[in-house]
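Spelled out from the first residue to the last, the chains are:
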Amino acid sequence: MSQTASQPKSRTEKLRDFIRAKVPEQHLDQFLALMEGRATGMEGWEDKYCRFPVSIQHFIDSPYYLDKAGTVYPVVMDELVKMNSGSYVEVVLTGGIGAAKTTAAIYTQAYQLYLLSCLKNPHELFGLDPSSEILLIFQNINAKLAKGVDYQRFRHMIETSKYFKERFPFNRDLESKMVFPNRIEVVPVAGTETAAIGQNVIGGIIDELNYMAVIEHSKMNVDQGTYDQAVQLYNSIARRRKSRFMTNGQMPGILCLVSSKRYPGEFTDRKIEEAKSDPTIYVYDKRVWEVKPEGTYSGERFSVFIGDEHRKPRMLKPEEMVDPKDRAMVDSIPVEFKSEFETDIINALREIAGHSTLAKHPFFTNLESVSGSMGKVQSIFSREDVDFVETQLQVFKKRFFKPEIPRFAHVDLALTSDSVGLVIGCCTGFTSIKRGSATGESPVIETLPKIRIDGVLEIKPPKGGEILFYKMRNVFYVLRELGLNLKWVTFDSFQSTDSMQMMRQKGFLTGYCSMDTSALPYDVLKTAIYDGRVEMPLHHRLLREIGSLEKDPKKGKIDHPPRGSKDCADALAGVVYGLTMRREIWAAHSVPIMQIPASIKAQAVQEDKSKNSVANSEQHGK
């Protein structure tokens, strides 16, 4: 039976009429359920809130709050709803440029500020001293960046909000921070772990995490190990949040961790991996074409092979087929970005496609030659790494190749938490290499050594301890006792004086040779590998290190990316360079002096005059 005008309205209808002007339509059912005792998780809300919070979508869209209806892409809005659902305490925002990662972080913090404004007494709720502050922070590499675009954009958003003008205003006379009622503050802070020391940080944004400083052997660490600014900042804020706000396993607020990608294994990569086992971490990893509305791009695509430790990235031809096992390393990119990939594929992979890449300015561009030189011989060592405490090493005598041939070893020593790289090898003969001529003249024929690497070893520090250098020296003593003709051993550090002296007393020819003072050893290594003159065992860390080596275009120095390493790569370069420069080796293989390349002869003369010369070290006892 239909209701007539004379029939009285039901209680529900009266409630709807009463709150219709106060509450958005989408929240009517929630309010009614709350008032009738049918809501779950919000019982007693009137004791906690001075006003019932609206949803984040209503907060962003409504003219009364942020008045941004239609400016947030639907995909981004869906992500914002999920990350602000109350299930997450940290959000990792990464991916390509233009994917709204900073926008999502700023809207998230604006909504978290709004939620704080709805509380009657946040200090009492969180068990804090009423005179203390509750902080939302904006943190970056340094103070200037922290006070820059993100904070100013956030401040303008709040300044123009009718809600924050009428219901929760801040002191606009202060430029350095935003001070709201209930001692709630929004503050840009410097990129140091002490910037917010002693303060109640409930959440905020830490931006550009993958671009922060990573300093080896830093005095900023007690043990002079590696100082990682991103890790230090995160740990400092995360500890502060837990100590102040963790209650019954629940944490209010959200910490947004924002950065584009650079190298594999950087901060955001590690947090994404952590999120797989931590349900309180939300990951926002998007590219611009994944967030912009349908129809923004033509729909035409081209394919890019991302690359790995063995192979460099490249654009695929339209008809090119990829091995099924490599399909996960192929990305489909809108054709509108094709020119960027043709100009600089490494940078485009990072900034546009949102992929971490091994090296921005790779020193070894022909990774196929590198991987092709590996696995051709069996290592004389039983394993690729050892710490001599939890893991032990065996040497396989049966794998010695012509043990009477003189061996050359190089050790890349380490401090504290770093690993030691140890490589040993020999010259098995010489070969003729035809070099092209840029002038069109007859090709140049160079006679150069062929090098066999017997073994590559990473010596790790044991857990909670330091590397046992005497164990490293014992490796050489055992090799000699087993009949291997180990003659020369060079070290990369002047701090290796003790090891050099001890080994000299045992009859080894020792010396100092650094891979950091000149790019020449790496130039010699690269030429030898590209020529196909090096064969070595497969060593996964070494392969990864070589693929990630970068050449500083300004300093000409060969280095590894932040948080990367080149211990084993340095040791390999030391051996190949050392064997190439030993005059005794050229003489032993009866190579006429006129066949020695001029560049090698000139460098050999320089070596004789240098402190880096093994012979010079022997003569003066250094």
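This structure is a prediction, so every number in the text was calculated from the model and none was measured.

## Looking at the overall build of the protein chain
And then number 1: Within the protein chain one finds 24 helices and 21 strands.
And then number 2: A total of 622 residues make up the protein chain; the buried ones form 49% of that total.
And then number 3: Look at the contacts in the protein chain between residues 6 or more apart in sequence, and 69% of them connect residues 24 or more apart.
And then number 4: Summing over all exposed atoms, the protein chain offers an accessible surface of approximately 29900 Å²; the carbon and sulfur share of this is 50%.

## Quick notes on the packing of helix 17 (residues 469–481) against helix 18 (residues 497–505)
And then number 1: Running from amino to carboxyl end, helix 17 crosses helix 18 at an angle of 25 degrees, the nearest separation of the two axes being 11 Å. Relative to helix 18, the element helix 17 is oriented roughly parallel. Both helix 17 and helix 18 take part in a crossing whose hand is right-handed. In contact with M472, R473, F476 and Y477 of helix 17, helix 18 contributes S499, M502 and M503.
And then number 2: The class makeup of the residues in the contact of helix 17 with helix 18 is five nonpolar, one polar and one charged.

## Notes on the confidence of the model for the protein chain
And then number 1: The predicted model of the protein chain averages 83 in pLDDT, with 82% of residues at 70 or higher.
And then number 2: Segment residues 611–622 is flagged for pLDDT under 50; beyond a separation of four residues in sequence, or across chains, it makes 28 contacts in the model.

## Quick look at the environment of I184
And then number 1: For I184, the location among the structural elements is in strand 4 (residues 184–189).
And then number 2: Its relative accessible area of 0% is what places I184 among the buried residues.
And then number 3: Taking the C-alpha atoms as reference points, I184 and F170, separated by 14 residues in sequence, lie 9.3 Å from one another.
And then number 4: Beyond its immediate sequence surroundings of up to four residues, I184 is in contact with L113, L116, P122, I134, F168, M178 and V179.

## A short note on the pairing of strand 17 (residues 486–491)
Successive residues of a regular strand alternate their side chains across the two faces of the sheet.
And then number 1: In terms of burial, strand 17 is a largely internal element, five of the six residues being buried.
And then number 2: With five bridges joining them, strand 14 (residues 407–412) and strand 17 adopt parallel strand pairing. Bridging across to strand 17, H410 finds its partner in T490.
And then number 3: Bridge count for strand 17 against strand 18 (residues 509–512) is four bridges, and the pairing is parallel. From the neighbouring strand, W488 faces strand 18, where its bridge partner is L509.

## Considerations on the pattern of salt bridges
And then number 1: Counted by the stated rule, this structure contains 22 salt bridges.
And then number 2: The residue R155 makes a salt bridge to E159 at a minimum N-O spacing of 3.4 Å. Remark: E159 and R155 occur in helix 9 (residues 149–159); sequence separation between them is four residues, near one turn of the helix.
And then number 3: Classification of R155 by relative accessible area gives buried; the value is 3%.
And then number 4: A salt bridge links E320 to R314, with the nearest nitrogen and oxygen atoms 2.6 Å apart.
And then number 5: With relative accessibility at 27%, the residue E320 sits in the partly exposed group.
And then number 6: Salt bridges linked by common partners bring E458, R541, E545 and D567 together as one network.

## Concerning the sheet that holds strand 9 (residues 281–286)
And then number 1: The seven strands lie next to each other as 3-4-2-5-8-1-9, forming an open sheet whose pairing is mixed. Edge positions in the sheet fall to strand 3 (178–179) and strand 9, since each has one partner strand and no second.
And then number 2: As judged from the two bridges shared by strand 3 and strand 4, these two strands associate in the antiparallel manner. Looking across to strand 4, one finds that V179 is bridged to E185.

## Observations concerning helix 19 (residues 520–530)
An α-helical segment advances 3.6 residues per turn. Residues three or four places apart therefore align on the same side.
And then number 1: Where helix 19 is concerned, the buried positions are P521, Y522, V524, L525, A528 and I529. On an axial view of helix 19, the arc spanned by its buried residues comes to 155 degrees, and they lie on one face.
And then number 2: Buried residues along helix 19 sit against helix 16 (367–373), strand 19 (534–535), strand 21 (558–559) and helix 21 (567–581).
And then number 3: Just past helix 19, the residue G532 takes up positive phi, approximately 80 degrees.

## Some points on the packing of aromatic side chains
And then number 1: Under the counting rule described, the total for this entry stands at 28 aromatic pairs.
And then number 2: Between Y64 and Y65 the ring centres are 5.2 Å apart and the planes differ by 80 degrees, which places this aromatic pair in the edge-to-face class.
And then number 3: According to the relative accessible area criterion, Y64 is partly exposed, its value standing at 22%.
And then number 4: By way of ring pairs, the aromatic residues F59, Y64, Y65, Y111, Y114, Y163, F164, F168, F170 and F180 are connected into one cluster.

## A word on the sheet that holds strand 11 (residues 314–315)
And then number 1: The three strands lie next to each other as 11-10-12, forming an open sheet whose pairing is antiparallel. One side of each edge strand has no neighbouring strand; the edge strands of this open sheet are strand 11 and strand 12 (330–334).
And then number 2: In this structure, strand 10 (residues 301–305) lies alongside strand 12, joined through five bridges in antiparallel fashion. Each bridged residue has a counterpart across the sheet, and for S303 the counterpart in strand 12 is S332.

## Let's talk about unusual backbone geometry
Glycine aside, a negative phi is what most residues show, and trans is what most peptide bonds show.
And then number 1: Unlike most non-glycine residues, F388 shows phi in positive territory, near 65 degrees.
And then number 2: With respect to the helices, strands and loops of the structure, F388 is situated in the loop between strand 13 (385–386) and strand 14.
And then number 3: Exposure remark for F388: the relative accessible area of 10% places this residue in the buried category.
And then number 4: A positive phi is found at K402, a non-glycine position, where the angle reads about 40 degrees.

## Looking at empty space enclosed by the protein
The gaps left among the atoms become clear once a water-sized probe is rolled over them.
And then number 1: Counted by the stated rule, this structure contains two cavities of 30 Å³ or more.
And then number 2: Taken as a whole, the second largest cavity holds about 40 Å³ of empty space.
And then number 3: If you go around the second largest cavity, the residues you meet are F138, Q139, N140, L145, A146, D150, I205 and D207.
And then number 4: If you list the elements that add at least two residues to the lining of the second largest cavity, you get strand 2 (134–139) and helix 8 (143–146).
And then number 5: Split by residue class, the lining of the second largest cavity holds four nonpolar, two polar and two charged.

## Observations regarding the side chain of R240
And then number 1: Residue placement: R240 occurs in helix 11 (residues 229–245).
And then number 2: At a separation of 3.1 Å, a polar atom in the side chain of R240 contacts the side chain of S236.

## Some words on the nonpolar core
And then number 1: Within the largest apolar cluster, 54 residues are counted, with the highest numbers of intra-cluster contacts made by F59, L113 and F180.
And then number 2: With nine residues, helix 6 (residues 101–117) is the single largest residue contributor to this core.
And then number 3: Those residues in contact with F180 that lie beyond four places of it in its chain are L113, I158, F164, F168, P169, F170 and V186.
And then number 4: By size, the runner-up hydrophobic cluster in this structure holds 45 residues, among which are F430, V456, V524 and A571.

Basis of the calculations
- Residues numbered from 1 in each chain as written.
- Predicted model: local features only at pLDDT ≥ 70, side-chain atom pairs only at ≥ 80, totals over all residues.
- Heavy atoms only, no water.
- Helix = DSSP H or I, 4+ residues; strand = E, 2+ residues; numbered from the N terminus.
- Buried < 20%, exposed > 50% of the residue type's maximum accessible area, 1.4 Å probe, protein only.
- Contact = heavy atoms within 4.5 Å.
- Areas by Shrake-Rupley, 256 points an atom, 1.4 Å probe, with all protein chains shown as cover.
- Axes fitted to C-alpha atoms, helices over the stretch in contact; angles between N-to-C directions.
- Parallel < 35°, antiparallel > 145°, perpendicular 65-115°, else oblique.
- Left-handed = near helix turned anticlockwise from the far one by under 90°.
- Nonpolar A, V, L, I, M, F, W, Y, C, P; charged D, E, K, R; others polar.
- pLDDT = per-residue confidence, 0-100.
- Pairing = 2+ DSSP bridges.
- Salt bridge = Lys/Arg side-chain N within 4 Å of Asp/Glu carboxyl O.
- Arc of directions from axis to C-beta.
- Phe/Tyr/Trp six-rings, centres within 6.5 Å; stacked < 30°, edge-to-face > 60°.
- 1 Å grid on protein atoms, 1.4 Å probe; cavity = no way out; pocket = protein on both sides within 12 Å on 5 of 7 lines; lining within 4 Å.
- Points joined across faces, edges and corners; volume = space filled by probe spheres on them.
- Polar contact = N/O pair within 3.5 Å; in protein donor to acceptor, adjacent residues only side chain to side chain.
- Core = buried A, V, L, I, M, F, W, Y, C linked by side-chain atoms within 4.5 Å.

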